[in-house]
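Fold and geometry: a report
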Amino acid sequence: MNTDEVLRIFREAGAVLEGHFILTSGLRSPVFLQKARVFMHADKTERLCKALAEKIRAAVSGRIDYVVGPAIGGLIPAYETSRHLGAPAIWVEREGGEFRLRRFEIAKGSRVVIVEDIVTTGLSIRETVDCLRALGAEVVAAACIIDRSAGKADVGVPLIALAEYEVPAYPADRLPPELAAIPAIKPGSRNI
Ligand SMILES: O=P(O)(O)OC[C@H]1O[C@H](OP(=O)(O)OP(=O)(O)O)[C@H](O)[C@@H]1O
Ligand SMILES: O=C(O)c1cc(=O)[nH]c(=O)[nH]1
Ligand SMILES: [Mg+2]
């Protein structure tokens, strides 16, 4: 599946939003990919995640013990991708602002792949890598449906993206005037 096909699915689902958005990194953007509007459709999610699982299988040699999704956005794609990889899906969720593996125990040396929805700066994947490494896991790769950095984000492990789609994002104190004129909203779950 190529980037155009992935974006077609997002557009068909009404998931490409325009306005003024506060991203999880604090950056501001005129475009927000509201993945929940895609993941509400099992057929669309299956097509995307089956293709992502194939890309992961081609890139990762050796066993995968767990697929880990960073909540909330990573929950559904990690679960659906895990189905195609034949590995169990678990998740990290925020406790006091930090990602924790609250509901599961994993053996030291477990080989894990992180599956995210969207990557912008890579911050959320880096936080997930830190949490898993502190538990003794080996993070063999991370994957996402759409990489908004188009390959520029450094997540500390190899990143496998189903699609790369570069979207502008600006520091809050360097907004273009047309963006500053629109009231900002924050759709994600960090800090709520
Ligand atoms: O690469 P980054 O700069 O970290 O941005 C991408 C992250 O932002 C979103 O999560 P968010 O924290 O907004 O909450 P959500 O998972 O509930 O959507 C998205 O799900 C990724 O986790
Ligand atoms: O960077 C983000 O927080 C972000 C961007 C985006 O397009 N979609 C999303 O869910 N999060
Ligand atoms: Mg998220």
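Note that the coordinates shown come from a computational prediction; the quantities given were computed from them, not determined experimentally.

1. Some words on the overall build of the chain
- Scanning the chain from terminus to terminus reveals 6 helices and 8 strands.
- Listing every helix and strand of the chain by position from the N terminus yields α-β-β-α-α-β-α-β-β-β-α-β-β-α.
- Relative to a compact globule of 192 residues, whose C-alpha radius of gyration would be 16 Å, the chain shows 16 Å and is just as compact.
- Along the longest, intermediate and shortest principal axes, the C-alpha atoms of the chain span 50 × 35 × 25 Å.
- Within the chain, the proportion of its 192 residues that are buried is 47%.
- In the chain, the 25 positive side-chain charges and the 24 negative ones have mean positions that sit 2 Å from each other.

2. Considerations on the UniProt feature "binding site: orotate" (unreviewed entry) in the chain
- The feature "binding site: orotate" (unreviewed entry), as given by UniProt, occupies Thr120 and Arg148 in the numbering adopted here. For the annotated residues, spread through 29 residues, the largest C-alpha to C-alpha distance comes to 5.0 Å, consistent with a single compact locus. Of the annotated positions named here, the largest pocket is lined by Thr120 and Arg148.
- Checked against the element boundaries, Thr120 lands in the loop between β6 (111-119) and α5 (123-134).

3. Considering the packing of aromatic side chains
- All chains considered together, the criterion is met by 2 aromatic pairs.
- Ring geometry for Phe21 and Phe32: centres 5.5 Å apart, planes at 35 degrees, overall tilted. One end of the pair, Phe21, is in strand β1 (residues 16-22); the other, Phe32, is in strand β2 (residues 28-33), and 11 residues separate them in sequence.
- For Phe32, a relative accessible area of 10% puts it in the buried group.
- Both rings, one in Trp91 and one in Phe104, keep their centres 4.9 Å apart while their planes meet at 85 degrees; by these two values the pair is edge-to-face. Taken together, the positions of Trp91 in strand β4 (residues 89-95) and Phe104 in the loop between β5 (98-100) and β6 put the pair 13 residues apart, joining distant regions of the chain.
- The exposure class assigned to Phe104 is partly exposed, which follows from its relative accessible area of 24%.
- Positioned above the aromatic ring of Phe99, the side-chain terminus of Arg94 is 3.9 Å from the ring centre.

4. Here we look at the site of ligand 2
- Residues in contact with ligand 2, as listed here, are Leu23, Thr24, Phe32, Leu33, Lys35, Ile118, Thr120 and Arg148.
- One of the backbone nitrogen or oxygen atoms of Leu33 is found 2.8 Å away from an oxygen atom of ligand 2.
- For ligand 2, an oxygen atom lies 2.6 Å from a polar atom in the side chain of Thr120.
- Its free accessible area being 290 Å², ligand 2 has 92% of it covered by the protein chains.
- Of all the cavities here, the one that holds ligand 2 is the largest pocket.
- Taken together, the residues that form the shell around ligand 2 break down as 4 nonpolar, 2 polar and 2 charged.

The rules behind the values
Residues numbered from 1 in each chain as written. Chains lettered and ligands numbered in written order. Predicted model: local features only at pLDDT ≥ 70, side-chain atom pairs only at ≥ 80, totals over all residues. Heavy atoms only, no water. Helix = DSSP H or I, 4+ residues; strand = E, 2+ residues; numbered from the N terminus. Rg over C-alpha atoms; globule rule 2.2 N^0.38 Å. Buried < 20%, exposed > 50% of the residue type's maximum accessible area, 1.4 Å probe, protein only. Lys, Arg positive; Asp, Glu negative; His and termini not counted. Charge placed at Lys NZ, Arg CZ, Asp CG, Glu CD. UniProt positions renumbered as here; feature names shortened; annotations may be inferred. 1 Å grid on protein atoms, 1.4 Å probe; cavity = no way out; pocket = protein on both sides within 12 Å on 5 of 7 lines; lining within 4 Å. Phe/Tyr/Trp six-rings, centres within 6.5 Å; stacked < 30°, edge-to-face > 60°. Lys NZ or Arg CZ within 6 Å of the ring centre and 35° of its normal. Near = heavy atom within 4 Å. Polar contact = N/O pair within 3.5 Å; in protein donor to acceptor, adjacent residues only side chain to side chain. Areas by Shrake-Rupley, 256 points an atom, 1.4 Å probe, with all protein chains shown as cover. Sits in = over half its atoms within 2 Å of the grid points. Nonpolar A, V, L, I, M, F, W, Y, C, P; charged D, E, K, R; others polar.

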